[in-house]
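# Architecture and fold: a report
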Amino acid sequence: MKFMKLGSRPDTFITTEAVRSVNSEVTSDLLVQVKGSRYLLHKFPLLSKCSRLQKLCSESPETSQHQIVQLPDFPGGIEAFELCAKFCYGITITLSAYNIVAARCAAEYLQMTEDVEKGNLIYKLDVFFNSCILSGWKDSIVTLQSTKSFPLWSEDLGITSRCIEAIASKVLAHPSKVNLSRSYSRRDDVSCNESESRRHNKTSSKSWWAEELAELSIDLYWRSMIAIKSGGKVAANVIGDALRIYASRWLPNISKYANPKKQLEYDQKDSDSIGKYRLLLESIITLLPAERGAVSCSFLLKLLKAANILKASSSSKMELARRIGLQLEDATVNDLLIPCLSHTCDTIHDVDIVITILEQFMLQGQSPPTSPLRRKGDFERRRSRSAENIDLEFQESRRSSSASHSSKLKVAKLVDRYLQEISSDSNLPLSKFISIAEAIPEFARLDHDDLYRAIDIYLKGHPELNKSERKRLCRMLDCKKLSMEVCMHAAQNELLPLRVVVQVLFFEQARAAMSGGHVTELPSNIKALLEDTAKTSATFNKTPVDDQWTTASALKSPNSNLSTLKMKLAEDDDDDDLDQIGKSSRIKALCVIPNRPKRMFSKLWSNNRSAASQKN
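It should be emphasised that the depicted structure is a prediction, and the values quoted were computed from it without experimental measurement.

### Describing the side chain of Asp-478
- By the secondary structure assignment, Asp-478 is in the loop between α22 (467–474) and α23 (484–491).
- Polar contacts involving the side chain of Asp-478 include one to the main-chain amide nitrogen of Lys-480, which spans 3.1 Å.
- Not counting chain neighbours up to four residues away, the residues in contact with Asp-478 comprise Glu-442 and His-448.

The structure is reproduced here in C-alpha cells:
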C-alpha cells in the first residue's frame, strides 16, 4: 500500500472540554463548527490556503473574541477537516488510498487551489493520486471502494471514473505485464516505488482479479466489468468466471427469503435487503457474456432460482431461460428443480419456467442458415471485421445445428428424469405434465422406459384421474420402445388403461416371435388375454380384405372368448377420440398391426398352436 507524508511539524492538536484546538502561544481567533464538533483555530494559516474560509469570514460578523464559521455539510466529516487543518499548520499528515478521497473532497470544499497558494493541498493530492494510487492495483480498488462515501463529489472530481479506468487497464494488460497477483493484492506495502513490481511478477490465474473486484458494491462492480468487457481482450469464459465469483460472494444469503409463508412477515429492513439483492442479481444478468458456454448451465439455473426467490423482473427470468435453453443438455435434474415461491402457484416446483426453457431449447437450430453465394473475386478482396464476424457466426450456427440432434437426445433423458421427480406432486396439473413430456420431439426418445416410470409415478400420485385423463396421459407412450423389464411391469400395472396393457403384451410377444427367441412366460390371466388377441389376429389373417369388417362383427358373439375383452375395450373407449372409428377398427388399433400383418399373425398363431400341442 502506497502512502504520502506532508508537513514536518509534530501534531499539536489537543482536546479541551469537547473543543479541539492547537497548542500554541498565539491566541485563537477563529471558531469552526463541523457537524457538531468545534475547532478553536487561527485565521492566518487557514485563510491563507482556504478560499472558502476567506469568503465565509468576510460574510460573517466578528464577535469580541472569535469569529464563528459553520460547515454543516462538510464532506468527510471531522477527520477530513482536521486533515486539511493540519496541512495548513504544516503538521505532518499521512495520505493513502484509504483517506485520499475524503481529503480530496474536503480540499475541494475548502477551495485549497493553486490560485490561493502555490503547492496547495489539491495539487499535492492530484500528483499523489495520478502517480501512485492509479498505478497500483490494490490502491485503485481501495480508493474506488472509498468513493461510496462521497458518490457525488467523487463523480464530479472524476475520481470514480479514473479508478475504474485504471482497474480495467490492468485487467486488460497481458498477464506477463501485470505486476500484481491475487496473493500480492492482499499484502501491504509501505513505499511509493516500483520495487513491488520486481518482487511480484506472476499472476495466479487468468481471473486473478475477480476475487478482488468481488468486494466492490454492485454499481461500481457493474461499471468496472463494463469497462473490462468493452476492452475486448478478456475471454468470455473468464468474464463468466468472474461473475460466478461475485455471485457466490453476495447471493448465498438470500436463502432465508425462500420461504413463501414468511414473506408476508418481513419488515422494512428485510424488504430493503431483498431489493438490494434483486438489483444485484439483475445487474449480474446484464453482464453475462453473449457467447454460448461462457458460463455453465448450472450457474445460470442457480441464478434463475435466485430470481424466483427475489421476485426478479420477468425480463430477467426470460433472459436466463433463453440462455439456459442454449445449453440445456449440460443441466442436471437437481438444477431444474426450481422452487415455486409464488402465492398463486400450488406446485412445489416451478414447472412453468421449465416449460419456457424447453421452448427456448427447441427454438435453436430449427432454421439453419444457408451459405450465401459469393463470387470468386470476393475471396481475393480483404474483408472487413464485420464480414469476418458474420462468417464466424455462420460457422457457429452450422456447428450448433449439427449438434442439435445429440443435444435433443440428452435433453430427452433429462426431461423424463425430471418428470419422475415432479410427478409425485399432487398439485401438478395433467396438462403441465403432458406439456413438458411433449416438448421433446418423438425421435429424441430412443426408449420410453423413463417416460413410463414418470407416468407410473404420476398415476400413483393422482388416483383421482378418470379414464379419459389416464388415456390422455398414456397416449404419448410408445409401447414398442419399452424394455422387457418395463413391459413386464406395465403388463401387471392396474393403473394403466386396458388399451395400453394390450398394446404392451402384443408388442412384446410380437417382438419375441419375430426374433425367434423364447416368449417370456406370463401370468395365466395375461397369457389368456394375449392368446385371445392372437386368435383375433389370426382371424384377420384368414379373412379376405373385403370381408374383414363382417368377420370383426361376428366376433361380438357372447360365446366368443374375446367378446368380454372387446366389450370392455369398447366401454373404455367411450370418451376417446377414436369413437368415430368402427368397433372392429378399434380392435385393430389396439393391436397396432405391423407393416406385414399377415406374416406376423401367422407366425404368432403357429407358435401358439405348436406350444399347445407340446403341452398335450
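### Observations concerning the pattern of salt bridges
- Taken as a whole and judged by the stated rule, the model has 23 salt bridges.
- The salt bridge involving Glu-82 is made with Arg-20; its shortest N-O contact spans 2.5 Å. Here Arg-20 lies in strand β3 (residues 19–22) and Glu-82 lies in helix α3 (residues 77–89), a separation of 62 residues in the sequence.
- A salt bridge links Glu-82 to Lys-86, with the shortest nitrogen-to-oxygen separation between them at 3.4 Å. Of this pair, Glu-82 and Lys-86 are both found in helix α3, four residues apart, which corresponds to roughly one turn of the helix.

### Section: the packing of helix α21 (residues 449–461) against α22
- Relative to each other, α21 and α22 sit at 160°, their axes nearing to 11 Å. With respect to α22, the axis of α21 lies roughly antiparallel. As α21 packs across α22, the resulting crossing turns out to be right-handed. The residues of α22 that touch α21, namely those facing Ile-455, Tyr-458 and Leu-459, are Arg-470, Leu-473 and Cys-474.

### Digging into unusual backbone geometry
- Despite not being glycine, Glu-17 has its phi angle at roughly 50°, a positive value.
- Assessed through its relative accessible area of 73%, Glu-17 is described here as exposed.
- Look at Ala-18: it is not a glycine, yet its phi comes out positive at around 65°.
- Take Ala-18: it is sitting in the loop between β2 (13–16) and β3.
- For Ala-18, a relative accessible area of 64% gives the class exposed.

Thresholds, definitions, all that
Residues numbered from 1 in each chain as written. Predicted model: local features only at pLDDT ≥ 70, side-chain atom pairs only at ≥ 80, totals over all residues. Heavy atoms only, no water. Helix = DSSP H or I, 4+ residues; strand = E, 2+ residues; numbered from the N terminus. Polar contact = N/O pair within 3.5 Å; in protein donor to acceptor, adjacent residues only side chain to side chain. Contact = heavy atoms within 4.5 Å. Salt bridge = Lys/Arg side-chain N within 4 Å of Asp/Glu carboxyl O. Axes fitted to C-alpha atoms, helices over the stretch in contact; angles between N-to-C directions. Parallel < 35°, antiparallel > 145°, perpendicular 65-115°, else oblique. Left-handed = near helix turned anticlockwise from the far one by under 90°. Buried < 20%, exposed > 50% of the residue type's maximum accessible area, 1.4 Å probe, protein only.

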